[in-house]
Amino acid sequence: MKHQVTYFMLASCLAFGSLPLALHAEENDKLQLSGFARVIMGYLDDANAEYIGYDNSVSFDQQSLIALQADYRFTDEISVTGQLVGNTGKQRDSGIEWLYLTYKPNKALQIKLGKLRIPFFNYSDSLDVGFAYPWLTLPQQFYDTAFFSTFEGVSANYEFTVKDWVINSEGFWGYYDDAFNVASRSVDAQVTGLFGVNTSAAYRGWSFRASFAQGDADVELPEATQFGEQLRQLGFNKNGDWLDPNGTIQFFQLSANYENVDYFVRSEVGKVVGKSGITPDINNFYISLGYNFNPYTLYISYGKRKVYYDHIPNEIPYGVSDGLNTLAATYDFVLTQFSDDKNNGTKLGIRWDWKSNIAFKGEMTLIEANGPISNDFSLVDLGNFDDRAILYQLGLEWVF
Amino acid sequence: MKKYLTLLILVAAPFVHTIAAAEGIIVVANTTDNSIQLNRQQVRNLFMGGVIPYDLTAVSLPPDNRTRVLFNTKVVGLTEARIQSYWAQMRFTGRKRAPREVNNESLLLDYLKESKGAVGYLPASATLPKELTVIYKID
């Protein structure tokens, strides 16, 4: 939390201190400073749960943030970009979230090298830029699924037209070495062999996107690793293997959207496949409809997520010896810590574009859980949660 | 008096909208290639940072400019708010940059005249210097 506040303060100071510099920078066009900020208030109407960190009290420090971006152009083809983000919420990283060199030899091709955001889904690389999307909070049933959001490596993007369709293809490759942040904990992790491809196609108001990404995760859960090793030595290989936290994670996405001056439809369908036992599989989607009556946008949205583990039944017999009884009971206890999780979120919200760079938003989200709650995602059961809560939010979005 | 004023505004409002919508838009380029003709989708792609078959650079007017509002409605097919949010996403993910903005139509004409390959949109009634060619027109 200390770090979050430090980065928040640092980004704020840089942002406000740099405004006069930005005016000067425009003159020589080499250095451009810009940024964005969000002030988000939230209140959950249920004392027995938390959702995206919000509880039964009014809070401003879960999603509020400020970010500053500097672009320096060496030549027409080569530039460097850095983005510093100061987040108030503990579930989102703060610090230098982007730092990369861009090589753009022509309008069609762009190659980036450095620290980048992972473009898993439509808004994965712009999660923090609330001004960029209509919702106040992105549909969590879809966007709270990737345990990490940046990587260090290279990405290449090529755009071309087929008839009047604009086709954009992107590929990336690199690694991640930091931590997996889930609601209940933060775990050191490395992801190697991380790569992905995605293609989007746009024509008139239509746009479609398909994406695939995968990486080999090495997660620091020494208790699980040691217990798994112990079970394997005793011959309980299936149970031992299930506890191995390391394995490939794959992400799949399909998206279809339509928009015109009056309304929009946005939708994404996703699937996450965790090859190790304690990394879940996830199926999810959302669909949102919006109506524009300038300068307002009214929207409704429905999202659903199903998280499930491939629970391997206990091979360890009870009643043979005290030692085995303890092992069997421990294994059963561990299984309960990785519970399946189904929930859906229904949103009703409004966005008011007050100025060309400032928008206000108001949103209500009804969260409904269906069965057990894993507590590793946005929704956390504090005890006796009745599976139904409403999150009320107001927000200010600013880009500068 | 207030009542009459309100009534007048209510009666006049649809006409204001009709007059604005009736005005055409031309898209002009500083090019020596008089054969270049774009369709609506290509103009939209050009101003939204997408690729088109010609080496042209879009130049825009400011967000509150009336010609820009007409251009957004008739050609791009998106609200100004949506266009601004699109550019925020493009900028902060390092994908694309919004076109350069020039303060008004008269300065835009001056800029286009001086800049080879530059493309801008103007009211259909604008008087064009000889350096500029109309590459798209919509009523």
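Placed above this text is the structure.
Caption draft 1: Representation of the nonpolar core in the model. Judged by nonpolar contacts, the single largest core of 67 residues is most densely connected at F148 and F180 of chain A. Per element, the largest residue contribution to this core is 6 residues, and it comes from helix α6 (residues 322–337) of chain A. Excluding anything up to four places from it in sequence, F148 of chain A contacts I118, F120, Y176, F180, V191, L194 and F251 of chain A. Formed by 37 residues, the second largest nonpolar core is a distinct cluster that contains A58, L70, V76 and L122 of chain B.

Caption draft 2: Up close: the side chain of E363 of chain A. Turning to its location among the elements, E363 of chain A is positioned in strand β16 (residues 358–369). Only 2.8 Å separates the side chain of E363 of chain A from the side chain of K347 of chain A, close enough to count as a polar contact.

Caption draft 3: The interface of chain B and chain A, seen in detail. In this assembly, 30 residues from chain B lie in contact with 43 residues from chain A. Together chain B and chain A conceal approximately 2,900 Å² of surface at their shared face, both sides included; 47% is due to carbon and sulfur atoms. When the buried surface of chain B facing chain A is broken down by residue, V51, F92 and R95 of chain B rank first, second and third, together holding 26% of it. Taking the shortest distance from any N to any O, the salt bridge between R82 of chain B and E259 of chain A comes out at 2.5 Å. For the pair chain B and chain A, the number of links is 20 residue pairs in polar contact (both at pLDDT 80 or more).

Caption draft 4: Geometry of the sheet that holds strand β1 (residues 25–30) of chain B. All names here are of chain B. The 5 strands are arranged β3-β2-β4-β1-β5 in an open sheet whose pairing can be described as mixed. The open sheet is flanked by β3 (100–101) and β5 (132–138), the only strands paired with a single partner. Note: strand β2 (residues 57–60) against β3, 2 bridges, orientation parallel. Looking across to β3, one finds that S60 is bridged to E101. Helix α5 (residues 105–114) contacts β1, β2, β3, β4 (118–123) and β5 of the sheet and is inclined by roughly 150° relative to β4.

Caption draft 5: Fine view of the environment of W87 of chain B. Residues and elements named next belong to chain B. Relative to the elements of secondary structure, W87 occurs in helix α4 (residues 80–92). When the C-alpha positions of W87 and L128 are compared, they lie 30 Å apart, and in sequence the two are 41 residues distant. Setting aside chain neighbours within four positions, we find W87 in contact with F47, M48, G49, K96, R97, A98 and P99.

Thresholds, definitions, all that
- Residues numbered from 1 in each chain as written.
- Chains lettered and ligands numbered in written order.
- Predicted model: local features only at pLDDT ≥ 70, side-chain atom pairs only at ≥ 80, totals over all residues.
- Heavy atoms only, no water.
- Core = buried A, V, L, I, M, F, W, Y, C linked by side-chain atoms within 4.5 Å.
- Buried < 20%, exposed > 50% of the residue type's maximum accessible area, 1.4 Å probe, protein only.
- Helix = DSSP H or I, 4+ residues; strand = E, 2+ residues; numbered from the N terminus.
- Contact = heavy atoms within 4.5 Å.
- Polar contact = N/O pair within 3.5 Å; in protein donor to acceptor, adjacent residues only side chain to side chain.
- Buried area = accessible area lost by both parts, 1.4 Å probe.
- Salt bridge = Lys/Arg side-chain N within 4 Å of Asp/Glu carboxyl O.
- Pairing = 2+ DSSP bridges.
- Axes fitted to C-alpha atoms, helices over the stretch in contact; angles between N-to-C directions.

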